[in-house]
Amino acid sequence: MSAPILATKLYIPPPRQKIVPRPRLIERLDAVFNAGSRLTLISAPAGFGKTTLVSEWIAGCGRPAAWLSLEEGDNNLTRFLIYLIAALQTLALSKIGGIAANIGAGVLAMLQSPQLPSTESILATLLNEIATISDSFILVLDDYHVIDSQSIDHVLAFLVEHLPSQMHLVIASREDPPLPLARLRACGQLAELRAADLCFTPTEAADFLNQVMGLNLSAEDITALETRTEGWIAGLKLAAISMQGRSDPTRFIQSFTGSHRFVLDYLIEEVLGRQPENIQMFLLRTSILDRMCGSLCDAVLLDFPASGQETLEYLEHANLFVIPLDQERRWYRYHHLFSELLRLRFGQPQELSNLHLRASAWYEANDDLAEAFHHAFAAGDFERAVRLAEAAWQEMERNFQTVAWIGWVKKLPDAVVCSQPSLCVLLGRAFSDVGELGSSETYLQSAERALADKKDQEQSSPLSGTIALIRASNAQNEGDLAETVKYAELSIQLIPENDVYLRAQAAITLGFTHWATGNLEASLRAMHTWVEDMQRLGNQEFAIASAFAVADMQVILGRLSDAEKSLRQAIQQAAMHIPEAESITAHHHLGLAMLAHERGNDAAAAQYLQTAADLGQRTTLVDWLYRWNLAQARLKESDREWDSALDLLDVAGRAYVKNPIPILRPVEALKTRVYLKQGRLDKAQAWVRARGISTEVEVRYLDEYDHLTLARVRMAEGSFAGVSGLLERLLALAETQKRSGSVIEILLTQALVYQAQNDWPRALTALERALALTEPEGYLRTFVDEGEAMRLMLVDFKSMNEKQATHLLRDYVDKILAAFSQPVEAISKSTIANQESEMIEPLTNRELEILRLIAEGQSNAEISQRLYLALSTVKGHNLRIFNKLQAQNRTEAVVRAQELGLL
Amino acid sequence: METPPPIYEIRLAGHLSPQWVDWFEGLTVSLEEDGDTLLTGPVADQAALHGLIKKIRDLGMILVSINRVQFNESHPNRSNKEKK
């Protein structure tokens, strides 16, 4: 009900039939349009014929046009943009070039996110979409004065500043919109018609009164009327209507001009008074409606001699300010002034209330809960309004209209709201969804108080379960794990069996909490339950989308193949079940890319990345930018492009949107690792101080990455106190929770730490344990990205086990070592290009090995010992290396190698 | 002690008939000889004032002027100080 677009708002009013042609105004509009100004402003009070003029101009201008009639309800940014897009989409019907029927789909997708992307990015996307239109077109925004929202004003200002060349914007309003009009005028970019322009000239007035309205007035009479009304079209029109059929128009005119009364006030009485009584009643009663159709009028009027439809058509023919809103003559509305004046005349509040109730009932029966609510509220029937609000909740929440819903409910008096436990619970949920946790808790407490008052035992349990669940969700958003678990478990106890949806919510809350505490197997189980529940509920999208979280968990458990499988399955299911929403698999493709990267399948990784990037442009997933930039940073790190990596991490940090997935690798820790690789120990140490961590703490999963980073900082400092103990404790926890992925990381860190302390036996033991875990899953990058220190360890490991190592591990280690020397394909094309173009013969693996040791400052003797080579062999290699690099000595060789990106 | 709301005098072109009184709730409607209408009365705050102006706009009436009228002899601040 909230989702469907009201076609009536997009309906281009056809030119009215009985009107005064206004060539001078049309010519002015044509002239400025042809001169290239692309913004036209029609700013005049009500009743100056703005809409009539614009529709006449549109009809004759020979260009495709789109129309949006604005109303108060459009004061919500999302809704405004949705309607703007809908208006643009109507252009597709007019065979305009370059426009797809689903233009604006990208923006619509962005608007579906629970948390809106920045207005700038939405607008940029919108402008890009408009830029694809090849023919020029006009967009009319009618009644812009109803817009009271700063964010929408901002959108309009932005649009005006960056108006695409094919777009001409017409704004009709009763007041000047908040745009830099003075500047636009000065630059000649604004075409304007104001009240003074729109008034009827005496000639036009004469034409209107005598020709169009068929009166036969003398020149004096016409002048008198024109003076009295000051050319105000609405005034002249009402005057004309009241004079039709009068035998003595002059007397009327004399009374009229002799009175001081406000023009409309005087005339409306005349006009109404001369209508048959039943028409008067019709007009009065239907004035409460914003828009009317035959059957709605029938419902509101109850016993009325004629049918609503007939009466509306009669009014249209009689030119009594009724305006059709569609081609089929189904919906109408009154001219604003007319309905305002009619509403004024409503004496009895009780009758008014009854009318609103009837309208509310009709709208409810016709599935328009929004209107039904507003009329119930206007009728003062708050109980009914509450019921309607509760009924509308689910659909509005699913359509991401939570904020609008809250707006409705806040209109109701506090006392009413607080006495309704289920409404309060919904409010608690709504505020929780939009991140206002304080308000959420307030309403949950109101709900509990109301429940206690009601003492209705039967009713209370389901709501209590929901209340606990909302509290769990709030606690989770605040990062309070203990409270989250407490409430999640409580909610599972209280939620009835048959409430699949709610139970699924509880399960997933618990699932995320288990994740945060490192209990990943429990978390996976909860996720699987949740996915099944979602599928039972027919919610394929959620089920498929969640696969990326499942894959994340599997990676932590060290199960790379399982993770790959999960992602592939989900992508397949998406193609089968929801091909129109395939952009949700952006995360999945990214995940596959990173898995391929880990395993050294760079070509595959590049391909997945491309797909992910394409899908990511259209995705609705709220944390896309965060994850994408993190991945990019990781890739840059593998390429040793430290500064780029840092920039990307910053972008990721800024793009982060709070969500239930626990942050296991904080951006600051990630940056610290890059600082260490750059040798910027001071920055790394600054992080340690800022973070306030030490080696002497209880370990917990959420802090694991920070602690491992701390270990590396200490290693770089050369201060090893407490580090081993910390790593042992982390290892114990990871092993207990069977998190192989973590175990691998910790073991490798241990190995490096031992190596740095020259404790080779322990280092190699740790390394061997890690290799045993990584081999079955094909880990590669984890080793390579550690750089030279790791490479040396692997070389040592290989030599030590030359005689006895298991066949599998040896091949595996060789593969890893080979990867150290390979430039990363595809991801870093520039490196390859350099190397190929500037070296006739590339260095062999052995030569690279030696070069690296040279870069470290090792002497030939040291190198020969290291690599178990004869000294002469090493010198021979050196010669060849210098030749290939066209270097004279070690220093030059190192510099050249660095330039070529080899080091 | 709450300061009473300020009194405003809003001048419109053209006379309004009595039924408008309900619509401009709380304001006194007086018809001037020069053909203007004066609406006088308390307006709670700025938001209420802007709401009124909007109503006037939406009815197509001509807004001539808005004035805030001094209603207290003593300045509100002064009276608070005296209480201390």
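Predicted model, so just to flag it, every value in this text is computed and none were measured. (Residues numbered from 1 in each chain as written. Chains lettered and ligands numbered in written order. Predicted model: local features only at pLDDT ≥ 70, side-chain atom pairs only at ≥ 80, totals over all residues.)

Let's shift gears to the overall build of chain B. Across its full length, chain B carries 3 helices and 4 strands. When the helices and strands of chain B are listed from N to C terminus, the series reads β-α-β-β-α-β-α. With 84 residues in all, chain B has 12% of them scored as buried. Restricting the contact set of chain B to residue pairs at least 6 apart, pairs at least 24 apart contribute 59%. (Helix = DSSP H or I, 4+ residues; strand = E, 2+ residues; numbered from the N terminus. Buried ≥ 20, exposed ≤ 12 C-beta atoms within 10 Å, placed from the backbone. Contact = placed C-beta atoms within 7 Å.)

When helices and strands are tallied, chain A shows 50 helices and 8 strands. Taken across its 903 residues, chain A has 43% of its residues classed as buried.

What follows is about the nonpolar core. Residues and elements named next belong to chain A. If you look at the biggest cluster of nonpolar residues, it comprises 254 residues, and the most contacted ones within it are V140, L236, F373, A389 and A751. The greatest single-element share of this core, amounting to 9 residues, is contributed by helix α41 (residues 740–756). Residues contacting V140, with those up to four places away along its chain left out, are V54, I58, A65, W67, L68, V170 and A172. In this structure, L851, I854, V874 and I881 belong to the second largest nonpolar core, which totals 13 residues. (Core = buried A, V, L, I, M, F, W, Y, C linked by C-beta atoms within 7 Å.)

Turning to the interface of chain A and chain B, a few remarks are in order. Listed per partner, the contact involves 17 residues of chain A and 13 residues of chain B. Sorting the residues of the side of chain A that touches chain B by element identifies α14 (263–273) and α18 (336–344) of chain A as the ones contributing at least two each. With 4 residues, the single largest contributor to the side of chain A that touches chain B is α18 of chain A. Broken down by class, the residue content of the side of chain A that touches chain B amounts to 8 nonpolar, 3 polar and 6 charged. (Nonpolar A, V, L, I, M, F, W, Y, C, P; charged D, E, K, R; others polar.)

Next up on the list: helix α19 (residues 349–365) of chain A. For an α-helix, the turn length of 3.6 residues means that residues three or four places apart are oriented alike. All names here are of chain A. For α19, with 17 residues, the first-to-last C-alpha span of 24 Å sits near the 24 Å given by 1.5 Å per residue. Buried within α19 we find L355, H356, R358, A359, S360, W362 and Y363. In this fold, the buried residues of α19 make contact with α15 (277–286), α16 (294–301), α20 (369–379) and α21 (382–398). Just beyond α19, the residue with positive phi is D367, at close to 65°. (Expected span 1.5 Å × (residues − 1).)

It is worth spelling out the environment of R291 of chain A at this point. Residues and elements named next belong to chain A. Within the element layout of this structure, R291 appears in the loop between α15 and β6 (292–293). Judged by local crowding, R291 falls into the partly exposed class, with 16 C-beta atoms found within 10 Å. Residues R291 and R333 lie 42 residues apart in sequence; the distance between their C-alpha atoms is 4.6 Å. When residues no more than four places from it in sequence are discounted, the contact partners of R291 are T8, L325, W331, Y332 and R333.

To continue, consider the sheet that holds strand β5 (residues 190–194) of chain A. Residues and elements named next belong to chain A. Strand order in this open sheet of 5 strands is β2-β3-β4-β1-β5, and the pairing throughout is parallel. Both edges of this open sheet fall to β2 (65–69) and β5, since each of them pairs with a single strand only. Each strand axis lies, on average, 15° off the axis of its neighbour in the sheet, ignoring direction. Here strand β1 (residues 39–43) runs beside strand β4 (residues 167–173); their pairing, made up of 5 bridges, is parallel. Bridge pairing in β4 links I42 to A172. (Pairing = 2+ DSSP bridges. Axes fitted to C-alpha atoms, helices over the stretch in contact; angles between N-to-C directions.)

Now for the confidence of the model for chain A. In low-pLDDT regions, the fine details of the predicted coordinates are not to be read closely. When the pLDDT values of chain A are averaged, the result is 87; 94% of them are 70 or greater. Taken as a whole, residues 825–837 of chain A scores under 50 in pLDDT and shows 23 contacts with residues more than four places along the chain or in a different chain. (pLDDT = per-residue confidence, 0-100.)

Looking now at the sheet that holds strand β7 (residues 322–324) of chain A. All names here are of chain A. Taken together, 3 strands build an open sheet; the order of strands is β6-β8-β7 and the sheet is antiparallel. Among the strands making up the open sheet, the edge pair consists of β6 and β7. Direction of pairing for β6 relative to strand β8 (residues 331–334): antiparallel, over a ladder of 2 bridges. Note on β8: the bridge partner recorded for M292 is Y332. Strand contacts of helix α17 (residues 308–317): β6, β7 and β8, with the helix running at about 105° to β7, the strand carrying the most contacts.

Our next topic: unusual backbone geometry. For residues besides glycine, phi is generally negative; the peptide bonds are generally trans as well. Residue and element names in this part refer to chain A. Phi angles above zero are rare outside glycine, and F321 is one such case at about 60°. Inspection of the secondary structure puts F321 in the loop between α17 and β7. In the Ramachandran plot, R329 falls in the positive-phi region, its phi being about 60° despite a non-glycine side chain. Relative to the helices and strands, R329 is located in the loop between β7 and β8. Under the C-beta neighbour-count criterion, R329 is labelled partly exposed, with 14 such atoms within 10 Å.

All names here are of chain B. Tracing the chain through its elements places T28 in strand β2 (residues 28–31). Put simply, T28 and L39 are 11 residues apart on the chain and 5.5 Å apart in space, counted from C-alpha to C-alpha. Beyond its immediate chain neighbours, meaning those up to four positions away, T28 contacts T40 and G41.

Below, the discussion takes up helix α27 (residues 481–494) of chain A. All names here are of chain A. An ideal rise of 1.5 Å per residue puts 20 Å on 14 residues; α27 measures up with 20 Å between its terminal C-alpha atoms. Buried within α27 are the following residues: T484, Y487, A488 and S491. For α27, the arc enclosing every buried residue in end-on projection is 105°, short of the 170-degree limit, so these residues lie on one face. Residues of α27 that are exposed and point more than 90 degrees away from the buried face comprise A482 and Q493. (Arc of directions from axis to C-beta.)

Residues and elements named next belong to chain A. The interhelical angle for the contact between helix α32 (residues 560–577) and helix α33 (residues 586–598), taken along N-to-C directions, is 150°, at an axis separation of 9 Å. Between α32 and α33, the angle falls in the class roughly antiparallel. In this structure, the crossing between α32 and α33 has a hand that is left-handed. Residue-level contacts link L560, A563, E564, L567, A570 and I571 of α32 to H588, G591, L592, L595 and E598 of α33. (Parallel < 35°, antiparallel > 145°, perpendicular 65-115°, else oblique. Left-handed = near helix turned anticlockwise from the far one by under 90°.)

To continue, consider the confidence of the model for chain B. Residues and elements named next belong to chain B. Averaged over every residue, the pLDDT of chain B is 79; the share at 70 or more is 80%. Per-element averaging of pLDDT across chain B places helix α3 (residues 76–83) at the bottom with 43 and strand β1 (residues 7–13) at the top with 93. Below a pLDDT of 50 lies the segment residues 73–84, which in the model reaches 2 contacts outside its immediate sequence neighbourhood of four places, other chains included. Quick note on the complex model: pTM equals 0.64, ipTM equals 0.76.

Another point: the packing of helix α38 (residues 681–691) of chain A against helix α39 (residues 704–717) of chain A. Residue and element names in this part refer to chain A. Interaxial distance between α38 and α39 falls to 10 Å at its minimum, and their mutual angle equals 135°. The angle between the axes of α38 and α39 places the two elements in the oblique class. Crossing of α38 against α39: the hand is left-handed. Residue-level inspection shows L681, A684, Q685, V688 and R691 of α38 in contact with α39, the latter providing D706, L710, V713, A716 and E717. Of the residues in the contact of α38 with α39, the class split is 6 nonpolar, 1 polar and 3 charged.

Moving on, we come to the environment of V43 of chain B. Note that V43 of chain B resides in the loop between β3 (36–42) and α2 (46–58). Look at V43 of chain B and you get buried, because 21 C-beta atoms sit within 10 Å.

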